[in-house]
Structure formats: structure tokens, C-alpha cells
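Take a look at the letters that make up each chain.
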There are 2 protein chains.
Amino acid sequence: MPSVSGGFGLDNLPYGAVARPGEPAQLAVRLGDEAVLLGELERRGLLAGVPAGTLSGPVLNPLLALGRDAWEALRGALQERLADGPPAGCAVALSDVEVRLPLAVGDYVDFYSSLEHATNLGRMFRPDGDPLLPNWRHLPVGYHGRASSVVVSGTPVRRPRGQLPPAEPGGAPVFGPSQRLDIELELGFVTGPGNALGTAVPASAAAEHVFGFVLVNDWSARDIQRWEYQPLGPFLSKSFATSVSPWIVPLAALEPFRVPAPPQDPEPLEYLRASGDWALDIALEVELEGTVVSRGNARGLYWTFPQQLAHATINGTNVRPGDLYASGTISGAEPGTAGSLIELTWAGRDPLTLPDGRIRTFLADGDTVTLRGWCGDRDAPAVSFGEVTGTILPAGP
Amino acid sequence: MPSVSGGFGLDNLPYGAVARPGEPAQLAVRLGDEAVLLGELERRGLLAGVPAGTLSGPVLNPLLALGRDAWEALRGALQERLADGPPAGCAVALSDVEVRLPLAVGDYVDFYSSLEHATNLGRMFRPDGDPLLPNWRHLPVGYHGRASSVVVSGTPVRRPRGQLPPAEPGGAPVFGPSQRLDIELELGFVTGPGNALGTAVPASAAAEHVFGFVLVNDWSARDIQRWEYQPLGPFLSKSFATSVSPWIVPLAALEPFRVPAPPQDPEPLEYLRASGDWALDIALEVELEGTVVSRGNARGLYWTFPQQLAHATINGTNVRPGDLYASGTISGAEPGTAGSLIELTWAGRDPLTLPDGRIRTFLADGDTVTLRGWCGDRDAPAVSFGEVTGTILPAGP
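Residues numbered from 1 in each chain as written. Chains lettered and ligands numbered in written order. Predicted model: local features only at pLDDT ≥ 70, side-chain atom pairs only at ≥ 80, totals over all residues. Heavy atoms only, no water.

### A few points about the environment of Gly-316 of chain A
Residue and element names in this part refer to chain A.
Right, on to step 1. By secondary structure assignment, the location of Gly-316 is in the loop between helix 9 (305–313) and strand 22 (324–326).
Right, on to step 2. For the pair Gly-316 and Tyr-112, spaced 204 residues apart in sequence, the C-alpha separation works out to 21 Å.
Right, on to step 3. Not counting the four nearest positions on each side in its chain, Gly-316 is found in contact with Ala-196, Leu-197, Gly-198 and Thr-199. (Helix = DSSP H or I, 4+ residues; strand = E, 2+ residues; numbered from the N terminus. Contact = heavy atoms within 4.5 Å.)

Below, the structure written as C-alpha cells:
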């Protein structure tokens, strides 16, 4: 399947960081197939709206801390300056540079906000009960993930080793490489200004605190997870790597793609209500070894990002600029729309056959997985997220 | 109960940060009731062993990154320089300054390593089953907590609001301030040099990666936890605040207090084995509103800190300098040795009566909780952790 091309015009202008091999990262916006270097524009006095030095470091956190007024001023200035293309000497071809993680991630939170995903996993793991646990429709279930191992697209992912479930109940665990290495197709938001410890961010104020969005592949070792997760949740089954797309699409670029979220029943508690349309119409796909194995859309998520942020702070927890909040696996109701292999293969029962005859339940060493996202038509997207890709390395010795 | 006094001699020399009110933090070691300012010693050329500037910032992370050889050189230099007391102008009375959090915490992990605590909670919540889940004796169960809300001793703790369990099964949750606000008495370690993503830290190498220890109060809202925690673990029930003691006691100061850990049955997997004695003989106490309500000792923890670190990295997760790993609640087998109110009051069934007649199951607004730790005799400790204290503020509007 070819990459999605287009979708990186002036209406998008996503933020990231690039570097020539071995050199320090420089902040940039992507325009077409070039990275426009923000530090260079700033040095030439071509940007207004942000304090000197904001854009000269390797990460976006200082910009994130400034807040929406500054982001809008900068975006307006960039759209004006770049209307006729980047000034000479201010842009580099993406083929000449590497992308780098443009964030110092403070905390990483992962939600579980797809009704279809939660239902699928409930059916697999609790076949005799209600697939949804009693809390699911009342709050966006979430947990803290690992910030240190958030990596940028292209970073190889080493298969984790660990304790795998005993062959029979009451037996001893087996030590070895995960045999059920999976992906999770997710959308994540990156925060701007935080709140003081002890206060909450109202759902209605989410847009003041959310800078933009990335694609997230929350790599998961299902066998490690099954053995470790009771009673405190996933730990080593998730912490070995979380990959993000390199270009953070600003919320401002997604405004035309805000759509109504699915109806919620029961109506959520007051603190989880936000007027307006807060689902995002973003088409998504999962490619495994060159074959698209799933197609979905983020608009089907049950819990919206304002609800996620309001919930995460209702207890007074402080957000900081550069936190990452991921949606949880995005799965749809139809066949071929699930965002994980455990769902696509129904826990391995229904393997996938690739066009060259190879069969997959979970990931094999050497497999490359690419997630893509865009708004509008795949052939000519209005706004693109590009992709997040990773290749599995064999487990260590 | 009086504070523990003493234990801050040359054999301890714990690291922290202090500031005059409204001023920037300065790194320091504690000697008696004074903070010896490390930046000042460095400026005067009185310290060797660490690169210039390492100690001039507000946090210890640059020192943590240097590793054990540098730490030992610095400790040796300090012990020599301070043998006759601090040079004039290099120390401030603790009564003249505030303590500050001396770390930029990267990731915060919380374990569940006390057999007695896990058994107590299992008995309360699963009265009809085995109190220990099948994985517990095979691995140190843990999860990621919130780094942004790790606060230094003395920081007030606002009672969290959130969704409380429905009155009856199948009912709707109730929104309001937590009614079951609890403490957790824990010991935490702070990391030094990390490992590369995709590699593991062997249990035998833990001492190269662990800088020192603090007391941790992992405040917990039991009602929020009970409703939210399935299937992904604690989230808002813990993320509102985690308090740490201000002075990081170096592992070097604890060497004389390394003792054998409790026997482990079954023998753990190879990667969890470390020769030598790795339990720490640290006496602990919990004071509630001026009354000591629990006395314990960290030496009873089932899983040791080298095992915790080896487990947390066996999947290739990278540690960074300044990560915090807490033990989980430390409870003993005898009455009055549990490290949480839910255990001390058996989920509220057996309230505590304070000397002035006030009754407590969980914490009331205005309550002050102080955890203390020391090695040796309480009256004249060889090494002290000092204390971590916090007072409960009423929930927000």
C-alpha cells in the first residue's frame, strides 16, 4: 500500500524535530516534504508572537507552556511567512534528515476509550460475563504508562522478555521472549499549559490545554500482560516501547474535522459534559508488512479528549506542558476495523494471511508495522498525520 | 510523640534542596540541623570529583547521572571537608529555609512488595479466595504512578474528588470528595545512571543504578480506587499526590544496615536472584495527629530493591537518572505494624481512637500524617531519614 501523500500544506503545519544524522535536533514545522526550521526563522526575525529562545531548543515544551494565544499568533505568522514557500536556507528536505521525538514527555497516560475495543477484550477474557465492566460507561478508564520509553516513529522495537503465564493454573511462569507481541492503534493528545496541583481542568476548557495530536502505537505483550496485570494493571507488558508519529498536528488544524461523538448512555456526570462536537474525523489504517490489515476512524471513540482530560484532573492532578494522553486502542464495529492483532485474529484463533502467504497471529521478528492517519480523502487528504512505524528486533540474549 | 533527633551526622549526609521563602532552590547535604550548600562549596573550589556546574542547579539529576564512582568521590570529599563543621558561610539553619523537591522525577513506579500488606488486602477484598494472587510470589507486582504530583514533605494534600462506588451493584457512581482517604507507608529508591532502551539491569548491578532512598507516603483514595481500578489498575485514586521525605539517604550510608531478606518460596527466576543481603534494616513509624499509630521495619519486605529494579527492566525498559521506585505499603505481621489505615482499621471496622477521644477510620480534613524512618535506636539513630509529613486540605468546590 502506498504511503498517504499530501496533507502537509499550510492548513496543517504540524510541529516536530529533525536532525542530520549525529547532529542535535532542531524544531521544525512540516510543509510538504520539507522541514522548515523554526530556530532559523526566529534568528532571522521572521517570527513574531513567541519570546526569543522559545524555538531554539530540541523540544517543544517551551512553546507548549505558552498557551493558545501564542500558538495562534505563531501559526498565523507561519502561514503568512510560508505562503510562498520557505525563505531560502530555512528548510531541509525530509529525505536529508532524521525525525526526533520533539517532546520531553512528562507523564504518559493511556485510556481505554473505544467501546468496541473494550467489548471485544471483555468477550475474549470474560466470556461468561458482561463484556463491559460496571465502571466503563461512567468514566474513561485509564492508567499511567511509561514516559521514558516513548519513542519517535522509526525507532526499532526490541521484543520484550519476561514472565509468561504458567501452562496450567497454579503452575510456575515461563521466562522468555513474548510470544504474543501486539500493536495498539491509538490517537494521543499533547498538553500545553497545565493546571495547579489541587485544581481540575473543566471539560469546557480542554482546548486551552491541548496543543495537538499524534498517532500512537502502544506496543503490547499480551502474554506478559495476562500474567502480571492483577491487581494493579499493565506494567512490563506496555513499558518497553510506545511509538508516536513525528509531527504533532495542532488542534487548530483539526477544527474543520470536529464531529459529534457517539451518543453516551447513561449521560455522564456533570464534570464530564462539554458542549460542542469533540470527536475527530480522522481516518486510520494499520499496515503490517506492506498490507493494510485494518481501517478505522477515530470519530467512533466513546470518550472524547475533553472528557479524558477533565477526568484525569478531577482529583486535582496537575498536568504539565508535554504530557501525552493516548486514547486506547481504536476499534470499530465492523470486521477489519479493529486496532489490535488480538482483536483482528480473535486471540490467535483466526490468523491473518498476508498476500505472500505468510501467516500472522501476533508479530514476528522483523515485522514492520505502520499506522497512518488523515482527514479527508486518502488520495488527497486535507490534513495528514503521516505515519508511525516500527520494526520488531529479536529479543535480547 | 517527639521527632526523631540525630542521625544526620557524617555517616549519613543525605542530599536535598533548600530555599529561603520565594527564592530559588539550592542543592545541599544535611548535617545536623543545618543545610550545607553544595553550590557554595563548589564555587569556593572545596569539592572535587564532579564536573563544574553539577551542583549549581535546583535538582540532583546531573549528579545522579554521573554514577557511583563520582558519588563516592563527592561523599568522601564532603566527609573530609565537613569533619570540623561546614566552612563559614556555606551552611544555613534548617529553620531558616524551606525544603524543596530535589529531583526532576522522570518516571514514578510503585510496587506491592510486602507479603503482609498484599495478604491483608487480599483477605479484605477477596475473603473467599486465596488472599495472594497467583503471580505475587513469582514477581514484584508494580505499576506506573504519576510523576507530576510527587511533592516534598510539608506540601498540603487536597482531598481528591471523584467517582465513588455505587451504593448497590449496577447503580450509578456518586460524585464527591473521597470518604476513604488513606496513607501508604513506603520506602522509595531514586535512580542514578540508566540503561539503554532494549537492555536490562541485572539484579547484581542494582547498586550501580541506585543512588539513595526516601520515605514515601503514597496517599490513596480507597473508594475512588475500588470503583476505577478494573481492569487497568489504580489511576485517580493515587495520582493526586505522593509525598517524599526531603533528604535522599545515599545507599552508601545504608551499607551497615543491609540484612538478609525474608526467605522466598518458590525460588524466584534467575533474573531475580542477587547474591548478598539486600533488605534494609530501617525502623519506620506512622504518626497521625501526634500519635504514633503504627511501627514497622522495611527489612520485612518480601521483594528487595535489586529485584524490583531487575524486574522493572527485564523487558528492556529504560531507567533514567531521577526515577522514583517505591516499595508499596510496608506492613508487618503483628498488630500495630501495618502501613495503611485500611489495614490498621480493617477497612473501617475497627476504628482508631486518638488520646483526645477523636475517632478515625480514614483521614479527616485537617489531619496531619507524619512518617519517620531511621537506622539504629530511635533515641540516637545512626542514620535518619527524618520525616515526610502532610496535612489534608478540604476538597475543592
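### With respect to the relation of the copies chain B and chain A
Right, on to step 1. When chain B is fitted to chain A, the best match, at an RMSD of 0.0 Å, comes from turning it 180° and sliding it 0.0 Å along the axis. Look at the turn and shift together and you get a two-fold axis relating the two. Across chain B, the smallest distance between a C-alpha and the rotation axis is recorded for Gly-233 of chain B, namely 2.0 Å.
Right, on to step 2. Interface residue correspondence from chain B to chain A reaches 100%, placing this contact among same-surface, isologous pairings. (Least-squares fit on C-alpha atoms with pLDDT ≥ 70 in both.)

### Some points on the nonpolar core
Right, on to step 1. Ranked by internal contacts, the top residues of the largest apolar core, which has 150 residues, are Phe-213 of chain A together with Phe-213 of chain B.
Right, on to step 2. Excluding its chain neighbours within four sequence positions, the residues that come into contact with Phe-213 of chain A are Leu-187, Gly-188, Phe-189, Trp-247, Ile-248, Val-249, Leu-251, Leu-254, Leu-280, Phe-305 and Phe-385 of chain A. (Core = buried A, V, L, I, M, F, W, Y, C linked by side-chain atoms within 4.5 Å. Buried < 20%, exposed > 50% of the residue type's maximum accessible area, 1.4 Å probe, protein only.)

### Re the confidence of the model for chain A
Residue and element names in this part refer to chain A.
Right, on to step 1. Put simply, chain A has an average pLDDT of 96, and 99% of its residues get 70 or more.
Right, on to step 2. When mean pLDDT is taken per element in chain A, strand 16 (residues 242–244) scores highest with 99 and helix 1 (residues 38–43) scores lowest with 94.
Right, on to step 3. Interface scoring of the predicted complex returns ipTM 0.97; its pTM is 0.98. (pLDDT = per-residue confidence, 0-100.)

### What about the side chain of Glu-343 of chain A?
All names here are of chain A.
Right, on to step 1. Among the structural elements, Glu-343 can be located in helix 10 (residues 341–344).
Right, on to step 2. For the buried Glu-343, no salt bridge exists, and the shortest N-O distance to an oppositely charged side chain is 6.0 Å, to Arg-222.
Right, on to step 3. At 2.7 Å, the side chain of Glu-343 forms a polar contact with the side chain of Asn-120.
Right, on to step 4. Looking at Glu-343, its side chain comes within polar contact range of the side chain of Ser-331, at 2.9 Å.
Right, on to step 5. In contact with Glu-343, not counting residues within four places along its chain, are Glu-116, His-117, Asn-120, Leu-121, Met-124, Thr-329, Ser-331 and Ala-338. (Lys, Arg positive; Asp, Glu negative; His and termini not counted. Salt bridge = Lys/Arg side-chain N within 4 Å of Asp/Glu carboxyl O. Polar contact = N/O pair within 3.5 Å; in protein donor to acceptor, adjacent residues only side chain to side chain.)

### Here's the deal with helix 9 (residues 305–313) of chain B
Think of an α-helix as turning once every 3.6 residues; residues three or four places apart then point the same way.
Right, on to step 1. With nine of its nine residues buried, helix 9 of chain B lies for the most part within the structure.
Right, on to step 2. For helix 9 of chain B, the complete set of buried residues consists of Phe-305, Pro-306, Gln-307, Gln-308, Leu-309, Ala-310, His-311, Ala-312 and Thr-313 of chain B.

### Some thoughts on the interface of chain B and chain A
It is common to give the size of an interface as the accessible area that goes away when the parts come together.
Right, on to step 1. Every contact between the two is made by 56 residues of chain B and, on the other side, 56 residues of chain A.
Right, on to step 2. Summed over the shared surface of chain B and chain A, the number is four salt bridges.
Right, on to step 3. Between Arg-146 of chain B and Asp-323 of chain A there is a salt bridge, with its nearest N and O atoms 2.9 Å apart.
Right, on to step 4. At the boundary of chain B with chain A, the tally comes to 30 residue pairs in polar contact (both at pLDDT 80 or more).

### Some remarks on the sheet that holds strand 2 (residues 26–31) of chain A
All names here are of chain A.
Right, on to step 1. Overall, antiparallel pairing links the five strands, which are arranged 4-3-2-1-5 in an open sheet. The sheet is open, and its two borders are formed by strand 4 (91–93) and strand 5 (98–100), each paired with just one other strand. Strand-to-strand twist across the sheet, computed as the mean angle between neighbouring axes with direction ignored, equals 45°.
Right, on to step 2. Across three bridges, strand 1 (residues 15–19) lies against strand 5 in antiparallel orientation. Its bridge partner lying in strand 5, Ala-17 is registered against Arg-100. (Pairing = 2+ DSSP bridges. Axes fitted to C-alpha atoms, helices over the stretch in contact; angles between N-to-C directions.)

### Digging into the sheet that holds strand 25 (residues 368–376) of chain B
Residues and elements named next belong to chain B.
Right, on to step 1. On the basis of which strands lie adjacent, the open sheet formed by five strands has the order 9-26-25-20-21 and mixed pairing. Each edge of the open sheet is held by one strand with a lone partner, namely strand 9 (157–158) and strand 21 (291–297).
Right, on to step 2. Two strands pair when backbone bridges link them, and strand 20 (residues 283–288) and strand 25 are joined in this way by six bridges, in the antiparallel orientation. Opposite Glu-285, over in strand 25, you have Arg-372 as the bridge partner.

### What to know about the environment of Leu-41 of chain A
Residue and element names in this part refer to chain A.
Right, on to step 1. Following the sequence through the fold, Leu-41 ends up in helix 1.
Right, on to step 2. Residue classification places Leu-41 among the buried residues on the basis of a relative accessible area of 0%.
Right, on to step 3. Expressed as a C-alpha distance, the spacing of Leu-41 and Pro-58, which sit 17 residues apart in the sequence, is 15 Å.

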